[in-house]
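# Residue-level structure breakdown
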Amino acid sequence: MIRVVGTIAAPARAAIAHACTHCGLPVPNGLVNHGATQQFCCGGCHAVYESLYACGLEKYYEIAVKESRVRDARPAYVTRRRFAHLDRPEFTARHATTADASRLSVELRIDGMRCGACVWLLEALPRIVHGLIAVRVNIGRGAVAIDWDPAQITLAAIAQRCDALGYQLLQLADPDARGRERAIDRSWLIRIGVAAAIASNSMAVAFALYGGLLSSMDARFRLFFQWIAVVLAVASLAGPGRLFFANAIAAIRTRTPHMDLPVATGLLGAVVAGLVSTVTGNGSIYCESATMLVFLLLVGRFVQYRQQRRAHQEVELITSLVPALARKREGDGSVVDVPIESLVIGDIVEVAAGETVPCDGQLRSPAARFDCSMLTGESRLSSIAANEPVFAGTRPVDRPVAVMVEKAGAETRAGQLLARVAEASARRPPIVELANRMAGWFLLAVLTGAAATTLWWWHLGADVAIARAVALLVVTCPCALGLATPLAVVVGIGKAARKGVLVKGGDVLERVSTRGTIVLDKTGTLTEGRVAVTCSQGDPAALVLAASLECSSVHPIARAIADAFGAASHAASRDVREHLGHGIEGVVERQHVAVGSARLIHQLAITLPAWTSDAADSIVRRGESPVFVAVDREVRALVAVGDPVRAEAAATIARLRSFGWSLAMASGDHPVVAHAVGAAVGLQPHEIEGGCSPERKVQIVRDSQFAAPVVMVGDGVNDLAAMAAADIGVAMRNGAQSALHVADACLAGGGLTPLLRLVEGARRTMHAIRLNLAVSIAYNTAGGVLAFLGFVNPLVAAVLMPVSSLTVMAIALAMPSFSLAADRADQERS
Amino acid sequence: MEAIFIALPVALLVAGAALAAFVWAASRDQFDDLDTPPRRVLLDDEPLRK
């Protein structure tokens, strides 16, 4: 009898009646404390709960309930570190500022924030911690500013208090760079604000002028308005618009074409023409459009700048991959926390089971099993023998180990991986948005058209010629052109977010405007990225006994078995013995129970019945691990443990194929496992590549990139470089934190299905943008020609001008950019 | 209509004052963090258990 994972796991999960008192996540069966009102999903949450009550801060839970709508449910994590490095004089000198002798200030990065209740909790700390003067949290930057009195408390003691509450204070990689970025952000804000103020005022003046042309405005008033419009336009160009001229001058100097060259020429042309006609007292001006264009172009530039800056920040990510602190064993046998920068070759560091190795080095303990999935994507645990190399970013699973340092920091494999990510991001050419490319040429064309109109009709008299030129200038206002892209993009991104796809910027949508290749990672993307029971056969009663026994172990396989079958089991187990790496035995309900690999069964001198050998072979062929359950020295059940394939993966891949996308899988896992999973989700063998190094993944992405866009979907650190090299990197929400930083888009919940919405939605959004640009250009051309022929007078033109903007808005809002693809996919699934 | 010769410069002066206030606020980090202060306002007064 073989049951698939859906039938086992679903009822087990539905039976979880206990939510963690602290974080609200379900409590694993193995940890349910029967009879207690408080339940905790992990030791971290329990510890934080206790410290909150000890400090009198339990108000936190009341606030957290109010904030539950925006709350990011995550278990609390308590490191119990000493944070001694925060008290070193060199740290204080570099990071802290001194207000006076009894007040030091520092800005630190903070991990573990979930919602507004966390803000309250942290900012309430000065009321109970003596010597802590003030705490200011900045949610947006994930930073916290701390003021404290060094005579009364040390920064390390403050960090320990925060740690006990589940927040880790980490030092900023480069405090000076942070300051510089803030200054640049501020200058952008001011620049855009000034440009917007000038543009709106000069629009108001311009409308007075348009109105006056028909009602024969007094020349005194007309000149007055014109002078004000010219002054405003000059101010806009000299102030916020200076940027374009600086770029254009640099382009002329270096003799390289730059899109600011036509922009600067057009802006200068419009303002100089306006100035000349104002000084000579006749003619019309076109200054308000120049100020409007400065504002719209600046907004586009700012968005672009923010995206480019992301590439530089990724280098700092090393802190999130590898712990900032290592536990170093001193000569006298004592263990101290030191920052990883101070490790030297030959130091011995200790790593507890489940913690992350901080450096590359040699294992100086007996053989242990390591989870290398973060670095390589391999789902199977790998055994590393004494004196063999271990890498930063891997985790020992079942026992604490000692590692002799060989490389630390940027020289480790994890560090080099990040360097490659930064390099790949920098190599990706910044995309010049369609509307930006067109804006400069558009302005030049309009000015040329206006000049041509004046000259062409000059023989009918100056007033007719000028009126027609003005009508042309007004009717071809670039507002619609400036609005077309941002509107469609904002609407597209908003719709995407509602459908579970978080997109980081407009250029992301533009990058995958045509159908290309989607490269998928396996572990955590096509599969759920965790160890779970995928199928079982044999005696169900034996499975329940096995689950009771496994409740006492923290090993991932034990947790998987306890989760799958433990819902009904309350039995306690006695005389539990764990055989490291092989399994566990003990007594449950007066029966001897052993759960483990074939090797454990042999060790215990239990015979394997014939029926298990074929079944175990087929489990191994699927790339999963067979686990035997023996009750009273007789094998009664067989469980397959592996990384379950996501339920929606096959359907999603079929849909993507029917949309016209090519698919590929690049997995760091063993080729056998990769092919087994690939076949299960409907990929052809030639589309599957197993055993890929992170470098090979980048190569696969680049190889498919020659003509069509490539989307890389992944979740782990081993996918980062490929995600950065691809046209769009897509991260799974539950993946590594660093993957979320590098990715251009993130699938928040709902597994893989939102991917359909992203790729099809992007195409539809680009379609909307093109349609918008076409409409506004067609409108402007038609309006321009009519104005040239004298069918449009300036006042009619001023009335018509918003019509094109409104049309563009209507198209952007009505385009079913994200909803249609999604709804269709939903329909076909149901 | 001659009032416009005074009214328009005055209007521009007012707009300029608003702009100056904006620049002043921006350069003093008033727009640096738009997420935390609105929450802080709501949360600050919660009394602690003694």
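Residues numbered from 1 in each chain as written. Chains lettered and ligands numbered in written order. Predicted model: local features only at pLDDT ≥ 70, side-chain atom pairs only at ≥ 80, totals over all residues. Heavy atoms only, no water.

## Let's talk about a nonpolar patch on the surface
All names here are of chain A.
- Taken together, the side chains of Trp227, Val231, Leu275 and Val279 present a nonpolar region at the surface, about 360 Å² in accessible area.
- For the nonpolar patch, the secondary structure elements donating two or more residues are α8 (219–238) and α10 (260–280).
- Residue placement: Val231 occurs in helix α8.
- When its relative accessible area of 52% is taken as the criterion, Val231 is described as exposed. (Patch = residues over 30% accessible without salt bridge, like charges linked within 9 Å, V, L, I, M, F, W, Y side chains within 5 Å. Areas by Shrake-Rupley, 256 points an atom, 1.4 Å probe, with all protein chains shown as cover. Salt bridge = Lys/Arg side-chain N within 4 Å of Asp/Glu carboxyl O. Helix = DSSP H or I, 4+ residues; strand = E, 2+ residues; numbered from the N terminus. Buried < 20%, exposed > 50% of the residue type's maximum accessible area, 1.4 Å probe, protein only.)

## Things to note about helix α24 (residues 649–659) of chain A
All names here are of chain A.
- Along α24, the positions that sit buried rather than exposed are Ala649, Thr652, Ile653, Arg655, Leu656 and Phe659. Seen from one end, α24 has its buried residues packed into an arc of 160°, which puts them on one side.
- Phi turns positive, to about 105°, at Gly660, one or two residues after α24. (Arc of directions from axis to C-beta.)

## Quick word on the sheet that holds strand β9 (residues 348–351) of chain A
- Spatially, β8-β7-β9-β15-β10-β13 (chain A) is the arrangement adopted by the six strands of the open sheet, whose pairing is antiparallel. The two strands at the open ends of the sheet, each matched to only one other strand, are β8 (335–339) and β13 (389–390) of chain A. (Pairing = 2+ DSSP bridges.)

## Observations concerning the sheet that holds strand β17 (residues 517–520) of chain A
- Ordered by their spatial adjacency, seven strands build an open sheet running β16-β28-β27-β26-β17-β24-β25 (chain A), and the pairing between neighbours is mixed. Pairing within the sheet leaves two strands with one partner each, and these edge strands are β16 (501–503) and β25 (688–689) of chain A.

## Description of the interface of chain B and chain A
- Listed per partner, the contact involves 27 residues of chain B and 37 residues of chain A.
- A combined buried area of about 2,900 Å² lies between chain B and chain A, and 63% of that area is made up of carbon and sulfur atoms.
- In this assembly, chain B and chain A are joined by three salt bridges.
- The partner of Arg182 of chain A in a salt bridge is Asp29 of chain B, with the nearest N and O atoms 3.0 Å apart.
- Counting every contact that joins chain B to chain A gives three residue pairs in polar contact (both at pLDDT 80 or more).
- Those elements giving two or more residues to the side of chain B that touches chain A turn out to be α1 (4–27) and α2 (36–43) of chain B.
- Ranked by the residues each element gives to the side of chain B that touches chain A, the list is headed by α1 of chain B, at 11 residues. (Contact = heavy atoms within 4.5 Å. Buried area = accessible area lost by both parts, 1.4 Å probe. Polar contact = N/O pair within 3.5 Å; in protein donor to acceptor, adjacent residues only side chain to side chain.)

## A look at the packing of helix α20 (residues 540–550) of chain A against helix α21 (residues 556–565) of chain A
All names here are of chain A.
- Across the interface, α20 lies against α21 with an axial gap of 8 Å and an inter-helix angle of 130°. Judged by the inter-axis angle, α20 sits oblique to α21. Crossing of α20 over α21 shows left-handed handedness. In this structure, α20 contributes Leu543, Val544, Ala546, Ala547 and Glu550 to the contact, and α21 contributes Ala558, Ile561, Ala562 and Phe565.
- Each residue belonging to the contact of α20 with α21 can be placed in one class, and the counts come to eight nonpolar, no polar and one charged. (Axes fitted to C-alpha atoms, helices over the stretch in contact; angles between N-to-C directions. Parallel < 35°, antiparallel > 145°, perpendicular 65-115°, else oblique. Left-handed = near helix turned anticlockwise from the far one by under 90°. Nonpolar A, V, L, I, M, F, W, Y, C, P; charged D, E, K, R; others polar.)

## Description of the confidence of the model for chain A
- When the pLDDT values of chain A are averaged, the result is 77; 80% of them are 70 or greater.
- Of the regions scoring below 50 in pLDDT, residues 825–830 of chain A engages in five contacts with residues more than four places distant in sequence or in other chains. (pLDDT = per-residue confidence, 0-100.)

## Notes on unusual backbone geometry
- The backbone phi angle of Arg633 of chain A is positive, close to 65°, even though this residue is not glycine.
- Looking at where Arg633 of chain A falls in the secondary structure, it is placed in the loop between β22 (625–631) and β23 (634–642).
- Its identity is not glycine, yet Asp29 of chain B carries a phi of approximately 65°, on the positive side.
- Mapped onto the elements of the fold, Asp29 of chain B is located in the loop between α1 and α2.

## Let's talk about the nonpolar core
Residues and elements named next belong to chain A.
- Core analysis: the biggest nonpolar cluster contains 53 residues, and Leu57, Tyr60, Leu122, Ile146, Trp148 and Tyr167 have the highest contact counts within it.
- Of all elements in the fold, only α2 (43–55), α3 (59–66), β3 (103–111), α5 (116–128), β4 (132–138), β5 (143–148) and α6 (155–164) reach the threshold of two or more residues within this core.
- For this core, the element with the most residues is α5, which contributes eight residues.
- For Tyr167, the contacting residues outside a window of four places in its chain are Tyr60, Ile110, Asp111, Gly112, Met113, Cys118, Leu121, Leu122 and Cys162.
- Membership of the second largest hydrophobic core comes to 35 residues, among which are Trp661, Met665, Leu683 and Ile728. (Core = buried A, V, L, I, M, F, W, Y, C linked by side-chain atoms within 4.5 Å.)

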